[in-house]
Amino acid sequence: MALTLARSALAAARAWLPRDARVFQIVFLAALLTTGVLLRDFSLQPLQMALAFGAGLATQAFWLKRLGLEQKGFMSAIVTCCGLSLLLRSDTLWVHPLAAALAMSSKFVLRINGKHLYNPANLGVVLAITFLPGTWVSPGQWGNDLAFAVWFLMLGTIVTTRARRLDVSWIFLGAFLGFVAVRVLLLGQSWAIWWHQLGNGALLLFAFFMISDPMTIPNRRGTRIAYAIIVAAGAIAWQYLLFRPNALIWSLFLATPLVPLLDRWLPGARFEWKQPVTG
């Protein structure tokens with residue numbers, strides 16, 4: 001009897017929750033952004049954030065009207081603007097809105113087989129730090145507070161479960177931390193280095209809100225697993241062999257062109273944000 005009641009309550013809760021995972025992403029990313037600005041000294045001006053959101057939403061509306069498409073996708077634009085605000089820093093006011101406009105435009109310009117190629121936030125950050133002066137990514141802004149990182153993990157798990165792409169996040173984290181563990185063993189380093197990575201909020205943010213973007217990862221589960229390992233290996237090589245910054249951002253950017261090749265080689269069911277209602 002108790003088990004039946006518990007199942008009924010769980011089913012009722014699932015029916016009440018939004019089927020579109022972007023609702024959860026917006027809530028959680030907005031909470032993280034607010035917490036960071038108020039408690040973590042993100043060095044982000046409110047006007048920079050406001051301009052980013054204004055430009056991102058305006059760009060989405062422009063392309064929809066220009067191409068005669070249905071007026072939708074604004075939740076994705078909000079998610080992208082949250083990501084840019086969380087990651088990107090600049091000395092000027094114009095960088096954030098320009099990065100947001102470029103990121104949202106990429107969804108409509110860089111498309112293969114009906115899917116946009118790059119995660120918009122990832123591409124916007126790469127373009128900004130490469131071509132725009134006085135711009136950088138601040139991965140250390142989250143600190144290494146393990147408890148704070150666990151919150152990232154818990155919230156991210158909820159979002160990616162709703163998006164049915166949880167495998168990418170977990171495989172990426174397992175591969176990345178596994179590679180770091182192997183390096184620690186081979187070099188005889190302190191395990192504090194591994195724990196430092198485990199408590200890195202930026203790593204968990206990347207794993208659960210960027211690489212897990214269901215629209216820019218392979219459709220088939222097996223190829224998603226391979227893709228996550230490739231991105232993890234690329235990040236390790238970028239950080240520990242080339243000794244260059246922003247390893248996660250660059251590894252995802254460089255690996256992204258593999259996605260359409262993997263989808264063509266091993267096709268799978270394409271993701272839809274709104275899950276169908278099941279009786």
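Residues numbered from 1 in each chain as written. Predicted model: local features only at pLDDT ≥ 70, side-chain atom pairs only at ≥ 80, totals over all residues. Heavy atoms only, no water.

## So, the overall build of the protein chain
Move 1: Counting secondary structure elements, the protein chain contains 13 helices and four strands.
Move 2: In the protein chain, which comprises 279 residues, the proportion classed as buried is 49%.
Move 3: Long-range pairs, those at least 24 residues apart, make up 76% of the contacts in the protein chain with a sequence separation of at least 6.
Move 4: Summed over its atoms, the accessible surface of the protein chain is roughly 13,800 Å², and 69% of this surface lies on carbon and sulfur atoms. (Helix = DSSP H or I, 4+ residues; strand = E, 2+ residues; numbered from the N terminus. Buried < 20%, exposed > 50% of the residue type's maximum accessible area, 1.4 Å probe, protein only. Contact = heavy atoms within 4.5 Å. Areas by Shrake-Rupley, 256 points an atom, 1.4 Å probe, with all protein chains shown as cover.)

## Digging into the nonpolar core
Move 1: Grouped together as the largest cluster of nonpolar side chains are 62 residues, with contacts concentrated most on Leu29, Phe172, Phe176, Phe206, Tyr227 and Val231.
Move 2: Element by element, the count of residues in this core is highest for helix H8 (residues 166-187), at nine residues.
Move 3: Here phenylalanine 206 is in contact with Phe172, Ile211, Val231, Leu248, Ile249 and Leu252, once residues within four sequence places are set aside.
Move 4: Residues Leu88, Ala99, Ala128 and Leu132 belong to the second largest nonpolar core, which totals five residues. (Core = buried A, V, L, I, M, F, W, Y, C linked by side-chain atoms within 4.5 Å.)

## Topic: the packing of aromatic side chains
Move 1: In the structure shown here, the tally under the stated rule is 10 aromatic pairs.
Move 2: Ring centres of tryptophan 194 and tryptophan 195 lie 5.4 Å apart, and the angle between their planes is 85°; this geometry places the pair in the edge-to-face category.
Move 3: With relative accessibility at 19%, the residue tryptophan 194 sits in the buried group.
Move 4: Cluster of aromatic residues (ring-pair linked, three or more members): Tyr118, Trp238, Trp250 and Phe253. (Phe/Tyr/Trp six-rings, centres within 6.5 Å; stacked < 30°, edge-to-face > 60°.)

## Some words on the side chain of threonine 135
Move 1: Relative to the helices and strands, threonine 135 is located in strand S4 (residues 135-137).
Move 2: A polar contact of 3.2 Å, which involves the side chain of threonine 135, links it to the backbone oxygen of proline 133.
Move 3: Setting aside its immediate chain neighbours within four residues, threonine 135 contacts Leu88, Arg89, Ser90, Val95, Ala128 and Ile129. (Polar contact = N/O pair within 3.5 Å; in protein donor to acceptor, adjacent residues only side chain to side chain.)

## Observations concerning a nonpolar patch on the surface
Move 1: A surface patch of nonpolar side chains, about 230 Å² in accessible area, is lined by Leu47, Leu51 and Leu93.
Move 2: Judged by relative accessible area, which is 34%, leucine 51 ranks as partly exposed. (Patch = residues over 30% accessible without salt bridge, like charges linked within 9 Å, V, L, I, M, F, W, Y side chains within 5 Å. Salt bridge = Lys/Arg side-chain N within 4 Å of Asp/Glu carboxyl O.)

## So, helix H5 (residues 95-109)
Move 1: Between its terminal C-alpha atoms H5 stretches 20 Å, which fits the 21 Å expected from 15 residues at 1.5 Å a residue.
Move 2: Summarising burial for H5: 11 of the 15 residues are buried, a large majority.
Move 3: The complete set of buried residues in H5 reads Val95, His96, Pro97, Ala99, Ala100, Ala103, Met104, Ser105, Ser106, Lys107 and Phe108. (Expected span 1.5 Å × (residues − 1).)

## Concerning the confidence of the model for the protein chain
Move 1: Residues at a pLDDT of 70 or more form 77% of the protein chain, whose mean pLDDT is 83.
Move 2: Throughout residues 9-17 the model reports pLDDT below 50, and contacts reaching past four residues in sequence, or to other chains, amount to three contacts. (pLDDT = per-residue confidence, 0-100.)

## Regarding the pattern of salt bridges
Between side chains of opposite charge, a pair can form when the charged atoms approach closely.
Move 1: Scanning the model with the defined rule gives three salt bridges in all.
Move 2: Across the pair aspartate 263 and lysine 115 runs a salt bridge whose closest N-O atoms are separated by 3.1 Å. Note that aspartate 263 is positioned in helix H13 (residues 258-265) and lysine 115 in strand S3 (residues 115-116), a separation of 148 residues in sequence. No difference in accessibility class separates aspartate 263 from lysine 115, as the two residues are buried.
Move 3: When the shortest N-O distance is used, the salt bridge between arginine 221 and aspartate 167 registers 3.5 Å. In this pair, arginine 221 sits in helix H11 (residues 221-241) while aspartate 167 sits in helix H8, placing the two residues 54 residues apart along the sequence.
Move 4: Judged by relative accessible area, which is 51%, arginine 221 ranks as exposed.
Move 5: Note on aspartate 167: relative accessible area 12%, which makes it buried.
Move 6: Here the residues in one salt-bridge network are Asp167, Arg221 and Arg224, joined through shared partners.

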